[in-house]
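Working through the structure, step by step
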Amino acid sequence: MKTDFLVLDAGTIFARTRSQGVADQPDFNFLDIYSLGEADLSLYKCLVVTGFSDQDFLYDKRHMIRNFLDDRKVVVFCGNLVTGWLPGGKPFVAKDIKRFSDYRIRKVIDHPIFQGVEEEDMTLKKGVAGFFARGHHPVPEGGEALLTLNEGEPITYIDRNSTNGTILAHVGFDLFGYMQTDEKKSTDRISMQLRNWVLEEYEILQKGLVKS
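First things first, this report covers the structure right here in the doc. No experiment lies behind these values; they were computed from the predicted model shown.

A look at the overall build of the protein
Looking only at helices and strands, one finds six helices and twelve strands in the protein. In the protein, of all internal contacts separated by at least 6 residues, the share reaching a separation of at least 24 is 65%. Entry remark: accessible area of the protein is about 9900 Å², with carbon and sulfur atoms responsible for 49%.

In structure tokens:
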């Protein structure tokens, strides 16, 4: 059956724990990452990849990901990029932490994915900072930073220039994982707002409209 989102299952207990809420959504399908080579990606609008994935394997399959994007579709990657499988992507740069405030999250713009989400709720989890991001990815040329650390390092960006599609890259844990946290915080909004944004972005891409 055709579904909108294909999540590559990295096979780790941590990835599965974060994905519990996503698994209950009817438009999300899971695939063992090592079955990617046999997958029919034409059925999907968005490919979801987490930082627990085998990025050496993804590098070997990078042509599939590139072709998927060039079909005017969306890739969402959440994690630390360590190999060159993601078009336009640059390797993760760890943050040299000197003080608590170095982990503070800042909004660059009030993007629909993070609309109504408080910076403080992203910065702190049970009073501890650093869960949301501990470093950054340099933004590809022409990309758009959505969130930064306190000193301006980009932790979440959109790239509409490296391919014919759209890449949403976030340097921390899976943003779809907030579907199952129910922390009674504004971060509970992120997963569904990201889902809605992806579907809207896909329609824009497929119609060949100017993206902004």
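More follows now that the structure is in view.
Considerations on the sheet that holds strand β12 (residues 166–170)
Taking strand neighbours across the sheet as the criterion, the eight strands line up as β2-β1-β3-β4-β12-β11-β10-β6 in an open arrangement whose pairing is mixed. Of all strands in the sheet, those with a lone pairing partner are β2 (28–32) and β6 (105–107), marking the two edges. Each adjacent strand pair in this sheet contributes to an overall mean axis angle of 20°, direction not counted. Note that strand β3 (residues 46–50) and strand β4 (residues 74–78) share five bridges and pair parallel. Bridging across to β4, Leu47 finds its partner in Val75. Packing against the sheet, helix α4 (residues 62–70) makes contact with β3, β4 and β12, and its axis sits at approximately 130° to β4. Along the sheet, helix α6 (residues 190–207) makes contact with β1 (5–9), β2, β3, β4, β11 (154–159) and β12, crossing β4 at roughly 150°.

Describing the pattern of salt bridges
As enumerated under the stated definition, the model contains ten salt bridges in all. Ionic pairing is found between Asp27 and Arg195, a salt bridge with its closest N-O pair at 2.8 Å. Of the two residues, Asp27 is situated in the loop between α2 (20–23) and β2 and Arg195 in helix α6; the sequence distance between them amounts to 168 residues. The shortest N-O distance in the salt bridge between Asp110 and Lys107 comes to 3.4 Å. Classification of Lys107 by relative accessible area gives partly exposed; the value is 23%. One continuous salt-bridge network, built from bridges that share partners, spans Lys95, Glu151 and Glu153.

Structural notes on the environment of Ile204
Tracing the chain through its elements places Ile204 in helix α6. Sequence separation between Ile204 and Arg72 is 132 residues; the distance between their C-alpha atoms is 9.0 Å.

Points about the layout of surface pockets
Where empty space is left in the structure can be found by rolling a water-sized probe over the atoms. In this model, the largest pocket occupies a volume close to 250 Å³. Lining the largest pocket are 17 residues, with Asn80, Phe131, Val171, Gly172 and Phe173 sitting closest to its centre.

Notes on the pairing of β3
Among the five residues in β3, five count as buried, and that is most of the element. Residues of β3 alternate between two faces, with Cys46, Val48 and Thr50 on one and Leu47 and Val49 on the opposite face, all of them buried. Strand direction decides the pairing type here: β1 and β3, joined by three bridges, are parallel. Considered in β3, the bridge of Phe5 is made with Cys46.

About the cut-offs
- Residues numbered from 1 in each chain as written.
- Predicted model: local features only at pLDDT ≥ 70, side-chain atom pairs only at ≥ 80, totals over all residues.
- Heavy atoms only, no water.
- Helix = DSSP H or I, 4+ residues; strand = E, 2+ residues; numbered from the N terminus.
- Contact = heavy atoms within 4.5 Å.
- Areas by Shrake-Rupley, 256 points an atom, 1.4 Å probe, with all protein chains shown as cover.
- Pairing = 2+ DSSP bridges.
- Axes fitted to C-alpha atoms, helices over the stretch in contact; angles between N-to-C directions.
- Salt bridge = Lys/Arg side-chain N within 4 Å of Asp/Glu carboxyl O.
- Buried < 20%, exposed > 50% of the residue type's maximum accessible area, 1.4 Å probe, protein only.
- 1 Å grid on protein atoms, 1.4 Å probe; cavity = no way out; pocket = protein on both sides within 12 Å on 5 of 7 lines; lining within 4 Å.
- Points joined across faces, edges and corners; volume = space filled by probe spheres on them.

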